[in-house]
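Commentary on secondary and tertiary structure
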Amino acid sequence: MKSIKIKADNLNVYYGEKQALFDVSMYMEEKQVTALIGPSGCGKSTFIRCLNRMNDVIDICKVQGKIEIDGNDIYAPDMQVEQLRERVGMVFQKPNPFPKSIFENVAYGPRIHGIAEHKSDLEEIVVNSLKKAALFDEVKDRLNDAGTGLSGGQQQRLCIARAISVNPDIILMDEPCSALDPIATARIEELMGELKTEYTIIIVTHSMQQAARVSSRTGFFHLGKLVEVDKTETIFSNPSDQRTQDYITGRFG
Amino acid sequence: MGFILISLMILIGIASYFLGNLRAKNLRTSNQKNLKSLSHYYGYYVALWAVVPALLILLMITSFKSFFIEQYVLSDFIALGSYTETELSLLFTQIENTALGIKLFDENTILINGAVNKLNYINKTSENLTYVTVLGLSGLLVLYSLFNINNKLNSRKIVEKFLLVLYFTCSLVAIMTTVGIIFSLLYETLRFFSQVPITDFLFGLNWSPQRVFVREAGDLDTRDLANAFGAVPLFAGTFLIALIAMCVSVPVGLLTAIYMSEYASPKVRDWAKPIIEILAGIPTVVYGFFAALTVAPLVRDIGQGAGLTVSSESALAAGFVMGIMIIPFISSLSDDVIKSVPQSLREGSYAMGATKRETIVKVLLPAALPGIVGSFLLAVSRAIGETMIVVMAAGLNAKLTANPLDAATTITTQIVVILIGDQEFDSPKTQSAFALGLTLFVVTLALNFIALQVVKKYTERYD
């Protein structure tokens, strides 16, 4: 049994009057990939956005329940949301590099958190992050070109490099491959396999095959409820809930 | 007569629509003819034939009529050969007045009385002729088009084609107007530069066109001309006041835009934004007396309190009020631009642990910068073209100064000053207004062009 990194307890989330998550409780293991699957609108993205409190940005969103990272309640009043997000990085569905140079995109986090003291430190962080994101070789001669000029897959790897530049513990990935072609997708999946040696990764995905390929545990969401969470092999070979069975065999969703 | 004729034309148009419609329906039912279009398209078809050519003819008649009438009425005087062009046109006015019953005694009374009779006769005849031509043409074409309706005629297509021509003509009106204005500006400006060297105008330091005004156009000295039309003080004044205006409007407008797009709740934005935009709707003349009666004395009092000499009309007062006026241009455009930065960039920045301020300063503003610069440029061109506020609050004195507490004047103000009252059109003083206008036009055009290019570059960014 691996040690538990994140633990959610009876999580309820409301958008105004509408309840989006019902009593979700699950844990995620350290330095493992946990996949969240389910049909559109099932609450998996809402759940992942609770883990770095991105839902705070939405005025009408209300979160009840408890989420602990390394045993600390992240919704505690004394929790600094900026520091939380420094530890919990996020990669979005659509690649969203800033309209800056490749270098500046990766240097953004270290700059705002004051991680690098000297220019040489910053350069080292940028190069290392790009290397870890398997992008460095493709862009090493044009670090000053616009990040938005890269291809979709490269942009997404740039966003991964940006996320790991502040050396987080956890990386949240919200359908990171849904805007990419199969080759770029394969590269990102390969990258996840390398990254999980250092980081705890939570990935939301529409693709069951992707969940099966990359994750060690998988949670299935349906209509705002966590239907089942278990080892990935178990979910895909011998699910205990009929709804999971129906979803993975393609009867709905 | 115009009113009656136009009303008749409208009636004919409506009637012929129904005629065409009816005939198409009859053809359809009686002969089982397979018409290509719906019946009402034949109505439009007939109505177009009834109205459009007749209106064109009417337009031609009215535009050439007066010339022929004048030639005919004045034929006796022209035959005498002793009148110049100007005298002839004066004579014609006199004849017209006599015909209206305003009698002036003149040595040519007999000739004039004869001409008056001719005028009355020709007016009557031409009116009748116009009626006959226009209505006759209209009627003939209605008949022609009615009999033209058959199963080979696709009136739907013809109507579409006519509309195409109509749209094209309408857009041509705007284009031709612009071209016409540019050419008249150019023409007068070239006439001005034939008297005053262009270098004197562009680089001269002394603007006092009234020096030319005191003499007859004929006996002007070239030295007078050389020293009267140096436009540098006007350029300097214009840019000084525009600069002050931008110093006021850029920070206020930009911060307003940031507040509106990033901080204000939807509720606040819903009532605050329209109020700010009302600023743009206030007539500039209102700003003008606000500047002249409230701000300028205030500036003077404060300045004097601080021991400075401030003239009662100051560039600072005018620039300040102008700055207030252009705030909404900057705030509302920049607001739109900042808001149109994709939400994903905001989230990307927040997800890195950035605060709201860091996100705005480091991500949103750089991303929106070209659009924001575009809004600045549009505001500048607005400031440079603004007239009323400066006329009322900054004075008319063309003094070359960089002191914002001094009176200053701008290009637009001087154009107003030059063209107020009666003007001789061949005087270089009047023509200098066209040269100033052209300069202003070129500057604002260039600014607008740059602004549009910058904004365009911005919009291509997130595709």
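Higher on the page you've got the structure.
Now for a description of the structure that goes with this document. (Residues numbered from 1 in each chain as written. Chains lettered and ligands numbered in written order. Predicted model: local features only at pLDDT ≥ 70, side-chain atom pairs only at ≥ 80, totals over all residues.)

1. A look at the overall build of chain A
- Across its full length, chain A holds 10 helices and 10 strands.
- For 253 residues, the compact-globule estimate of 2.2 N^0.38 gives 18 Å, and chain A sits close to it at 18 Å.
- With respect to the principal axes defined by its C-alpha atoms, chain A has extents near 55 × 45 × 35 Å.
- Burial status across chain A gives 45% buried among its 253 residues.
- Pairs at least 24 apart in sequence give 69% of the contacts found in chain A among residues at least 6 apart. (Helix = DSSP H or I, 4+ residues; strand = E, 2+ residues; numbered from the N terminus. Rg over C-alpha atoms; globule rule 2.2 N^0.38 Å. Buried ≥ 20, exposed ≤ 12 C-beta atoms within 10 Å, placed from the backbone. Contact = placed C-beta atoms within 7 Å.)

2. Looking at the overall build of chain B
- Helices and strands together make up the secondary structure of chain B, namely 18 helices and 0 strands.
- Scaling as 2.2 N^0.38, a compact globule of 463 residues should have a C-alpha radius of gyration of about 23 Å, whereas chain B reaches 32 Å, well beyond that.
- Burial analysis of chain B (463 residues in total) assigns 35% to the buried set.
- Put simply, of all contacts in chain B between residues at least 6 apart along the chain, 77% involve residues at least 24 apart.

3. Brief notes about the interface of chain B and chain A
- Contacts between the two partners involve 15 residues from chain B and, on the opposite side, 21 residues from chain A.
- The set of elements that each furnish at least two residues to the side of chain B that touches chain A consists of helix H14 (343-351) and helix H15 (356-385) of chain B.
- Element by element, the count of residues in the side of chain B that touches chain A is highest for H14(B), at 6 residues.
- When grouped by side-chain class, the residues that make up the side of chain B that touches chain A number 8 nonpolar, 4 polar and 3 charged. (Nonpolar A, V, L, I, M, F, W, Y, C, P; charged D, E, K, R; others polar.)

4. What about the nonpolar core?
Residue and element names in this part refer to chain B.
- Counting residues in each nonpolar core, the largest one holds 148 residues, and the members touching the most others are Ile241, Ala291, Ala318, Val321 and Ala393.
- Per-element tally for this core: the top contributor is helix H13 (residues 315-339), with 16 residues.
- Residues in contact with Ile241, not counting those within four places in the same chain, are Ala315, Ala318, Gly319, Met322, Val390, Ala394, Ala408 and Thr410.
- Tyr17, Ala50, Leu141 and Ile149 belong to the second largest nonpolar core, which has 21 residues in total. (Core = buried A, V, L, I, M, F, W, Y, C linked by C-beta atoms within 7 Å.)

5. Side note on the pairing of strand E3 (residues 33-37) of chain A
Residue and element names in this part refer to chain A.
- Burial within E3 is extensive, with 5 of its 5 residues counted as buried.
- Alternating residues of E3 divide into Val33, Ala35 and Ile37 and Thr34 and Leu36, and every residue in both groups is buried.
- The pairing of E3 with strand E8 (residues 200-204) spans 4 bridges and is classified as parallel. Bridge assignment links Thr34 to a residue of E8, and that residue is Ile202.
- Both E3 and strand E9 (residues 217-222) contribute to a ladder of 4 bridges, which runs parallel. Of the residues in E9, the one forming a bridge with Ile37 is Phe220. (Pairing = 2+ DSSP bridges.)

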